[in-house]
Amino acid sequence: MLSEFALIRKYFDRPAPSAALGVGDDAALLRPDAGMELAVSTDLLLEGRHFRAGTDARKLGHKALAVNLSDMAAMGAAPRWVTLALALPAADEAWLEGFAKGFFALARRFGVELIGGDTTRGPLSICVTILGEVPRGLALFRAGAAPGDDIWVSGELGGAALGLAQPENAAAARRLDEPEPRVDLCERLRGLASAAIDVSDGFAQDLGHILERSGVGAVVHCEQLPKFAGADLQQALSGGDDYELVFAARQDRRAEIEALSKELGLALSRVGSMQKGEPKLQLLGGDGAAIVPARGFDHFAA
């Protein structure tokens, strides 16, 4: 069986040319580019809570990094470096090979370098910390929306929730197991969007965080929500793990956003508007009737 250090050398010791010092010491050393601010985020995935026992290791490697890339996208930050902490029941080489393949395939796509981490024996858990760069003063926040701003969402909603309910649906299961972080969109939203968040716990719940931080209300027309094929409205409103971006932008930026959608080949749908008043979300059906969303994901909800 592999020792801890042999495991690291074989599967995770990769060159990190942009770091002053990468894997192999007590800490990594980084040199952020001039004029940049660092964005930092951490996500923890636990077997039985965030993924089923027996989930394909390659897909799990992809998702472990994808959820962190999505956080960078929501901040308008270009992802640069990650650390990886793994608790493993055993040093299963087949599992490690699959996990590393999924993780590093996505890392290569977006130019992300692994610069350190930790391994230990224990129940399967995966913790990734990601660092990105954003030009000073151009980061996207949840607190920037203003009354009159349009509300936009990328891609389609509800696919991951459908995949959870119907694992035999291959297309939906892929949305759940191998989400596509909107990294290509994030940098283009700098200076264009006034606020942004990624959809990890459900569209309605995550949009609510923008309303709270910005001190505005919102009206969303549910017939305009871009639903994944086969997903119902509640899955689109409240299903987690979509990792699409929800963002606000002034009405006079509509033409730019529509042009960006065509350029990227990515649907960007205008679904509502920010309103003056208390930070409350109104969801309206096609007939104008109010719709109540199911509860979004909450780790500590009863």
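The model shown is predicted, which means the values in this text are computed figures rather than measured ones.

Attention now moves to helix H2 (residues 57-75). Quick reminder: α-helices carry 3.6 residues per turn. Residues three or four places apart thus point the same way. Taking 1.5 Å as the rise per residue, H2 with 19 residues should run 27 Å; its terminal C-alpha atoms sit 28 Å apart, in good agreement. The buried fraction of H2 amounts to 16 of the 19 residues, a majority that puts the element mostly inside the structure. Capping the start of H2, Asp-56 holds a side-chain oxygen 3.1 Å from the backbone nitrogen of Arg-58, two or three residues further along.

Strand order in the open sheet formed by four strands is E1-E4-E2-E3, with mixed pairing between adjacent strands. Both edges of this open sheet fall to strand E1 (36-46) and strand E3 (113-121), since each of them pairs with a single strand only. Going from strand to strand, the sheet's axes swing by 15° on average, the running direction of each strand aside. With nine bridges connecting them, strand E2 (residues 78-88) and strand E4 (residues 125-135) associate as antiparallel partners. Of the residues in E4, the one forming a bridge with Ala-78 is Glu-133. Across the sheet, H2 lies against E1, E2 and E4, angled at about 30° from E4, the strand it touches most.

In this section: the sheet that holds strand E5 (residues 150-154). Reading across the sheet, the six strands line up as E6-E8-E5-E9-E7-E10 and stay open at both edges, with mixed pairing between neighbours. Lying at the two open borders of the sheet, with one neighbouring strand each, are strand E6 (195-198) and strand E10 (281-284). Taking each pair of neighbouring strands and ignoring which way they run, the sheet shows an average axis angle of 25°. Helix H7 (residues 203-214) contacts E5, E6, strand E7 (217-221), strand E8 (245-249), strand E9 (268-275) and E10 of the sheet and is inclined by roughly 145° relative to E6.

Turning next to the nonpolar core. With 37 residues, the main nonpolar core has Phe-12, Leu-84, Trp-95, Phe-99 and Ile-126 as its most contacted residues. Broken down by secondary-structure element, the contributors of at least two residues to this core are helix H1 (4-11), E1, H2, E2, helix H3 (93-109) and E4. Residue contacts for Leu-84: discarding those within four places in its chain leaves Phe-12, Phe-99, Phe-103, Leu-114, Gly-116, Gly-117, Asp-118, Ile-126, Cys-127 and Val-128. Judged by nonpolar contacts, the second largest core, of 24 residues, contains Ile-210, Leu-211, Val-246 and Val-271.

Calculation notes
- Residues numbered from 1 in each chain as written.
- Predicted model: local features only at pLDDT ≥ 70, side-chain atom pairs only at ≥ 80, totals over all residues.
- Heavy atoms only, no water.
- Helix = DSSP H or I, 4+ residues; strand = E, 2+ residues; numbered from the N terminus.
- Expected span 1.5 Å × (residues − 1).
- Buried < 20%, exposed > 50% of the residue type's maximum accessible area, 1.4 Å probe, protein only.
- Polar contact = N/O pair within 3.5 Å; in protein donor to acceptor, adjacent residues only side chain to side chain.
- Pairing = 2+ DSSP bridges.
- Axes fitted to C-alpha atoms, helices over the stretch in contact; angles between N-to-C directions.
- Contact = heavy atoms within 4.5 Å.
- Core = buried A, V, L, I, M, F, W, Y, C linked by side-chain atoms within 4.5 Å.

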